[in-house]
Amino acid sequence: MAILVGTETRLVVQGLTGSEGRFHGLRNRSHGTNVVAGVTPGKGGQDVEGIPVFDTVAGAVAETAANAAMVFVPAPFAADAMYEAVAAGITTVVCITEGVPAHEMLRIHAYIQGRGVTLIGPNCPGALSPGKANVGIIPAEIFREGSIGLVSRSGTLTYQIGHELTQLGLGNSTIVGIGGDPVVGSSFLEILALFEADPQTQQVVMVGEIGGDEEEKAAAYIESEMTKPVVAYIAGFTAPPGKTMGHAGAIISGSAGTAQAKKEALEAKGIRVGTTPTETAQLVAEIAAA
Amino acid sequence: MLAHGHADLRRHRPDRLARALDLYEYQGKELFRRYGIPTSEGRLARTPEDARTATEELGTPVVVKAQVLTGGRGKAGGIKLAESAADAESCAADILGMDIRGHTVTKVWIERASDIEREYYLSLTFDRSAKKPLFMFTAQGGIDIEEVAATSPDALARLHVDPLEGYHPWHGRRLVYDGAVSDPGEQKQIASIVGKLYEAFVHCEAMLCEINPLIVTPEGEVRALDSKFTVDDNALFRHPDIAEMRDVGAADPLEALAREKGVTYVKLDGDVGVLGNGAGLTMSSVDVVTFVGGAPANFCDLGGGGDAQGVVDALGVITSDPQVRALFFNIFGGITRCDEVARGILQAVEQMGISYPIVVRLDGTNAEDGRRILTEAALPNLHAEATMLEGARRAVELAA
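Residues numbered from 1 in each chain as written. Chains lettered and ligands numbered in written order. Predicted model: local features only at pLDDT ≥ 70, side-chain atom pairs only at ≥ 80, totals over all residues.

The next thing to look at is the sheet that holds strand β7 (residues 108–112) of chain B. Residue and element names in this part refer to chain B. As summarised here, the arrangement of the four strands in space is β2-β7-β3-β4, forming an open sheet in which the pairing is antiparallel. This sheet does not close on itself; its edge strands, each paired only once, are β2 (42–45) and β4 (79–82). Across the sheet, the mean angle from the axis of one strand to that of its neighbour is 20 degrees, orientation sign disregarded. The sheet contacts of helix α3 (residues 85–95) involve β2, β3 (62–66), β4 and β7, and relative to β3 the element is tilted by about 10 degrees. (Pairing = 2+ DSSP bridges. Helix = DSSP H or I, 4+ residues; strand = E, 2+ residues; numbered from the N terminus. Axes fitted to C-alpha atoms, helices over the stretch in contact; angles between N-to-C directions. Contact = placed C-beta atoms within 7 Å.)

Val71 and Met82 of chain A together with Val64, Val108 and Val231 of chain B are the most contacted members of the largest nonpolar core, which totals 217 residues. Ranked by residues supplied to this core, first place goes to strand β11 (residues 206–216) of chain B with eight residues. Residues in contact with Val231 of chain B, not counting those within four places in the same chain, are Ala20, Leu21, Leu23, Cys204, Glu205, Ala206, Met207, Leu236, His239 and Ile242 of chain B. (Core = buried A, V, L, I, M, F, W, Y, C linked by C-beta atoms within 7 Å. Buried ≥ 20, exposed ≤ 12 C-beta atoms within 10 Å, placed from the backbone.)

Residues and elements named next belong to chain A. Assigned domains within chain A: domain 1 (1–122) and domain 2 (143–290). Inter-centroid distance (C-alpha atoms) of domain 1 to domain 2 is 26 Å. Counting residues at the interface gives 15 residues for domain 1, matched by 16 residues for domain 2. Going through the elements one at a time, α4 (102–112) and β7 (118–120) are the ones with two or more residues in the side of domain 1 that touches domain 2. Broken down by element, the residue count for the side of domain 1 that touches domain 2 peaks at five residues, all from α4. Residue classes in the side of domain 1 that touches domain 2 are distributed as twelve nonpolar, three polar and no charged. (Domains from an automatic or database assignment. Nonpolar A, V, L, I, M, F, W, Y, C, P; charged D, E, K, R; others polar.)

The next point concerns the packing of helix α8 (residues 253–261) of chain B against helix α10 (residues 308–318) of chain B. Residues and elements named next belong to chain B. Packing of α8 against α10 leaves a shortest axis separation of 9 Å and a crossing angle of 170 degrees. Of the possible angle classes, the one that applies to α8 and α10 is roughly antiparallel. Of α10, the residues touching α8 (which contributes Leu254, Leu257, Ala258 and Lys261) are Asp313, Gly316 and Val317. (Parallel < 35°, antiparallel > 145°, perpendicular 65-115°, else oblique.)

What follows is about the domain arrangement of chain B. Taken domain by domain, chain B comprises domain 1 (41–112), domain 2 (118–248) and domain 3 (252–399). Here the C-alpha centroids of domain 1 of chain B and domain 2 of chain B sit 26 Å apart.

All right, on to the environment of Thr92 of chain A then. The topology assignment puts Thr92 of chain A in strand β6 (residues 92–95). Once the C-alpha coordinates of Thr92 of chain A and Ile3 of chain A are considered, the two residues, 89 residues apart in sequence, prove to be 11 Å apart.

Spatially, seven strands are ordered β9-β8-β11-β10-β12-β13-β14 (chain A) in an open sheet, and the strand pairing comes out mixed. Here the strands that pair on one side only, and so sit at the sheet edges, are β9 (133–136) and β14 (272–274) of chain A. Looking at each pair of strands side by side, their axes are set apart by 20 degrees on average, direction ignored. Summarising the sheet, strand β13 (residues 230–235) of chain A and β14 of chain A pair through three bridges and their orientation is parallel. Among the inter-strand pairings, Ala232 of chain A is bridged to a residue of β14 of chain A, identified as Val273 of chain A. Its contacts with the sheet place helix α9 (residues 279–291) of chain B against β10 (145–152), β12 (203–209) and β13 of chain A, and it is angled at close to 80 degrees to β13 of chain A.

The next point concerns the interface of chain B and chain A. Contact residues are listed per partner, giving 60 residues for chain B and 55 residues for chain A. Mapped by element, the contributors of at least two residues to the side of chain B that touches chain A are β14 (264–267), α9, β16 (298–301), β18 (358–364) and α13 (388–399) of chain B. Taken together, the residues that form the side of chain B that touches chain A break down as 27 nonpolar, 17 polar and 16 charged.

Moving on: helix α1 (residues 25–34) of chain B. Residue and element names in this part refer to chain B. In terms of residue burial, α1 counts as a mostly covered element, since seven of its ten residues are buried. Among all positions of α1, only Glu25, Tyr26, Gln27, Gly28, Lys29, Leu31 and Phe32 are buried. The first or second residue beyond α1 is Gly36, which carries a positive phi of 85 degrees.

The structure is reproduced here in C-alpha cells:
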C-alpha cells in the first residue's frame with residue numbers, strides 16, 4: 001500500500017524540460033515511477049527521453065490520465081503551477097521548489113481545503129515509497145521497503161535517519177518530506193493520518209525541528225487518534241532564539257517553537273523522543289522487535 | 001539549484017540573521033504613509049548637523065530617535081526630546097554611535113513631538129499556526145504586547161482574516177468594538193487604519209506590521225508613533241523598492257560575508273566549526289556536537305547542491321571566525337555529491353592553509369569516491385569518521 005505515491009501514481013512533471021526537472025524526473029522514472037508527462041508552456045509536442053511534453057497540465061491530464069504532479073518550476077512561477085495542477089484535477093501535488101512567498105502559501109493552503117487535494121511542500125524533498133514510486137529528490141538507494149512510515153520537515157536529516165534505520169535492518173513504507181517553510185501544504189497531522197490508515201505502515205517516525213507548533217499539534221493528535229506507535233526526533237536544541245536556521249520555518253520566535261518545548265509536549269503524551277538520529281533509530285528498532 | 005529563500009514569523013528578534021527583512025522605524029513609517037496610515041512628519045539624520053537642520057525645518061519640539069533593528073531603545077537612552085534645534089543637535093550627537101544591545105546607531109529619526117491623549121496597540125502578524133493573518137488590538141498601547149497577552153488576555157482583541165476572503169470593513173469594526181474604543185471619532189479613524197494596515201501587509205508581503213503605540217492626540221487625531229515592519233525574503237523579488245531598504249552594514253560581519261557568498265551561516269559561541277548539507281541535518285549536527293560535550297562555533301548549511309566551490313566559500317566564512325579550533329563536516333549526499341565535497345575540502349585546505357583538524361563524515365551519493373579522494377590526499381589534519389556520532393565526538397576531542 002504505502003501512502004501518497006505508489007504503483008497507481010501517474011506523474012506529470014511541471015518543469016520537466018528544465019535541468020533540475022529533467023534530472024529528477026528521469027531519476028524518478030528509473031526508480032519505477034510511472035512518469036507519464038511533462039509540462040512546459042511553449043514546449044508542447046516535444047519529449048524528454050520519451051516522456052511527452054504538454055503546454056498545459058489540463059492537456060497532460062487529458063492525454064495521459066496523470067493523477068499526480070511534481071512542481072519543479074522556479075519560485076516566482078511555482079504558485080501558478082500549483083493552482084494549475086489543482087484546476088486540472090490533479091489530486092496529489094508535490095512542490096519541490098524552494099523560495100515560494102509565504103503569502104502565496106497562505107492563499108494556496110486555504111484554496112485547497114475541501115477540494116480533495118493533497119499538497120506536499122513547497123521546499124521539500126518529496127515522497128518515496130521504496131520499491132513503488134519516488135516523486136521528488138529523495139535518494140531512493142539509501143532506503144529499503146518495509147513497514148516504518150517516516151515524515152519530516154527536513155531533507156538530508158531524513159536521509160540520515162533512514163540510513164540509520166536501514167543499517168538496523170529496517171525498511172520504510174513511505175518517506176515524506178513535508179518541507180521547511182512556515183506554511184506547507186500538508187503538516188504532520190495530515191501525513192500521520194495517512195500512515196495510521198495505511199496497512200503497510202506498522203509504526204511512524206516523525207522528524208521535527210524548531211519553529212511553529214506543528215509538533216505540538218501532532219503530539220495531541222497521536223495521543224487521541226493513533227493506534228500505531230510513533231517515535232520522534234527534534235532538531236535545533238542548540239539553536240539561538242531569533243535566528244533562521246537554514247529553513248525559513250526553523251526559527252524560535254520569542255519563547256515559542258523551541259526544541260525543548262516540542263520534546264516536552266511529545267513526551268507528555270507518551271511519545272518517545274530520540275536525542276540523536278542514532279538513538280531515534282534504536283528506539284524504532286526496539287519497538288519493531290517488541 | 002533552486003534558489004535559497006528564507007522567511008520568518010513574528011516579532012522581537014533582537015539579534016536575528018537578516019533573512020526576513022526587518023525594516024527600520026523610518027522605513028516602516030514610509031510604507032505606512034504610502035498606504036495612507038497617518039504618521040508624524042520627520043527627517044532622517046546621520047550627523048548632529050543634519051539633526052539641527054531637520055529640526056529647523058520641522059519646528060520644535062522634536063523627538064530624536066535612534067534607528068536600530070532591536071527593541072529597548074527608550075530604556076537605553078536612544079530616544080530624546082529636544083526643545084530647540086541646538087538641543088536636537090546635541091541629542092543626536094549623544095545618540096549617534098551609541099551601542100544598543102550590540103547595534104551601533106548610525107542614523108536618527110527626527111520627528112515632531114506629539115502630545116498623547118491615549119495609546120493603543122495594533123498589529124497584523126503572519127500566524128503560521130492558524131495559517132492566516134492575525135490582527136491584535138488593545139487599548140493598553142505602548143507596552144510589551146506579550147506581557148498584555150500573558151497578564152490580561154481579555155484586554156487583547158484578536159481576529160484572524162481568511163486569506164481568500166481578504167479584508168472587509170467589518171474586521172475593523174469588530175476590532176474597534178472588541179477593543180472597547182468608545183469615542184466615535186477614534187472608532188472611525190482606527191477602523192480605517194486597520195484596513196490600510198491589511199492592505200500594506202498583503203501588498204508588501206509582510207510577516208509583521210506593528211504599530212505600538214498608535215496614539216490619539218489631544219485634538220483627537222490617531223497616528224502611528226512607531227513601526228515594526230518585517231517583509232518575507234522570498235517575496236522580495238517582486239518588491240525591488242523594499243529590497244533596496246536592506247541595510248547590509250547592520251548585519252554581523254561574518255553573517256554579511258556568508259550572505260554575500262550565498263552560504264547559510266549562523267554564528268554560535270563555541271570552537272567546533274560545523275558544516276553540513278541541508279538545514280535539518282546541520283541543525284542536528286550542531287545538536288550532536290553539543291550532546292557529546294562540545295561547543296559548536298556555528299551553524300553552516302551548504303544547501304542541497306553543494307559543489308566544490310560552495311564548500312570553499314563556506315570554509316572561507318567559517319575560518320574567518322578566530323574561535324574555531326576544529327571542523328566537523330557532516331555530509332549526507334542526496335543531490336550533493338560527496339566527491340564534489342571532498343574536492344572542495346582539499347581545494348580550501350590548500351588555498352587557505354587550514355591547519356587545524358578537520359573531521360569528515362561522508363555518506364550517500366558518491367560517498368566512496370569522496371572518501372577515496374580524501375584518503376589519497378593523505379593530509380595530516382584530515383580525519384575520516386564513519387558515522388555522524390563518531391565524527392562529532394572526534395571533532396570535539398580534537399578541539400579540546
